[in-house]
Amino acid sequence: NFAEINYEREHKNGLAHTVWLRKSRFVPQGELVFERDFSDMRIPYEELNTSEVGVLFRYSAREAYVQQKRKRKPIEMESPVFFLSHSIGFDNLLGGEAAYHRTEFSAQKRFILNRFGRLDAVGEFSKVWNAVPFPLLVYPNQRFRHHIENNAFFLNRALEFVADEQYTIRATFVGDDFVLSKIPFLDDMGIKELISLRASYGRLSAKNDPLLSTSDIYNFPAASYRYDSVPYVEGTIGITNILGLLRVEYVHRFTYRNLPDALLGKVRVDITL
């Protein structure tokens, strides 16, 4: 749980920025434990508290929308959008127990592929610059028990891959005048095909490896692994816009299929209102 105060400002030239002050409390649940090795002993911790300040810059050159009371209706969707953020964690300030710097950058762009459809692509980079407990490392954006999000991974567990430097690429194609539009019945219903691919790769430096680090950091959970020489990759194929609101897709895991308890594939359904 966390408490946050933030200030957001938008400018007409496409630049926006957000500044925040956040205090967080992490409490392990279930089989997850926070513990450190000290001599021949393992010392458990009931919780991890952090205090941080951060700033986020967002820029889109040609973004345009109509502002309604509760939401925005976008007018121009093809302009690239860039995000750059940096947060600083403090030790011994407002109860914080970890000092760290974290930087994140992302770029997203929609491509119109003539009459065939559209492709939404997102690239991200994240890095933690200090030795930190594993809950503060970087992980793929994961939404196993939530509604479908194009930018979220589905078949990996939340703490499956540990890294302090991570690169992520995600792409989603939605057809228009493509394959299903050639079938009159499906074309009349407005049903569209959907294909997506998501990949993440990261590195873990020695300072954040409990087996090599000289800092007092938590031991990794038993279900956490380091990236090998290949990225984690999963893909989706499905249909969307069923009755104007239903989406059905199959998600397949291409790499790291031999890990214990790995989810290899799953069908999921979502309703978009």
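Relevant structure appears above.
Residues numbered from 1 in each chain as written. Predicted model: local features only at pLDDT ≥ 70, side-chain atom pairs only at ≥ 80, totals over all residues. Heavy atoms only, no water.

(A) Fine view of the overall build of the protein chain. Within the protein chain one finds one helix and 15 strands. For the protein chain, the C-alpha atoms occupy an extent of roughly 70 × 50 × 30 Å along the three principal directions. For the protein chain, restricting intrachain contacts to residue pairs at least 6 apart in sequence, the fraction spanning at least 24 positions comes to 59%. With an accessible surface of roughly 16300 Å², the protein chain has 59% of that area assigned to carbon and sulfur atoms. Charge separation in the protein chain, taken as the distance between the mean sites of 35 positive and 34 negative side-chain charges, equals 6 Å. (Helix = DSSP H or I, 4+ residues; strand = E, 2+ residues; numbered from the N terminus. Contact = heavy atoms within 4.5 Å. Areas by Shrake-Rupley, 256 points an atom, 1.4 Å probe, with all protein chains shown as cover. Lys, Arg positive; Asp, Glu negative; His and termini not counted. Charge placed at Lys NZ, Arg CZ, Asp CG, Glu CD.)

(B) Up close: the pattern of salt bridges. Inspection of the entire model under this criterion finds 20 salt bridges. The salt bridge partner of R110 is D120, with a shortest N-O separation of 2.7 Å. Taken together, the positions of R110 in strand β9 (residues 97–112) and D120 in strand β10 (residues 117–128) put the pair ten residues apart, joining distant regions of the chain. Under the relative-accessibility criterion, R110 is labelled buried at 18%. Here D177 ties to R115 by a salt bridge, and the two come within 3.1 Å at their closest N and O atoms. Highlighted residues: D177 in the loop between β11 (165–175) and α1 (184–189) and R115 in the loop between β9 and β10, separated in sequence by 62 residues. Judged by its relative accessible area of 26%, D177 falls in the partly exposed class. (Salt bridge = Lys/Arg side-chain N within 4 Å of Asp/Glu carboxyl O. Buried < 20%, exposed > 50% of the residue type's maximum accessible area, 1.4 Å probe, protein only.)

(C) Examining the nonpolar core more closely. Within the largest apolar cluster, 25 residues are counted, with the highest numbers of intra-cluster contacts made by F134, L137 and Y232. Setting aside residues no more than four positions away along its own chain, L137 makes contact with R102, V128, V132, V162, A163, D164, L204, N208 and F220. (Core = buried A, V, L, I, M, F, W, Y, C linked by side-chain atoms within 4.5 Å.)

(D) Spotlight on the pairing of strand β2 (residues 15–26). Sheet topology places strand β1 (residues 2–10) next to β2; nine bridges connect them, and they run antiparallel. Pairing of N6 across the sheet is with W20, part of β2. Here β1 folds back onto β2 in antiparallel fashion, the turn holding four residues, of which G14 has a positive phi close to 100°. Bridge count for β2 against strand β5 (residues 48–59) is twelve bridges, and the pairing is antiparallel. In the sheet register, V19 faces β5, and the bridge partner there is V55. (Pairing = 2+ DSSP bridges.)

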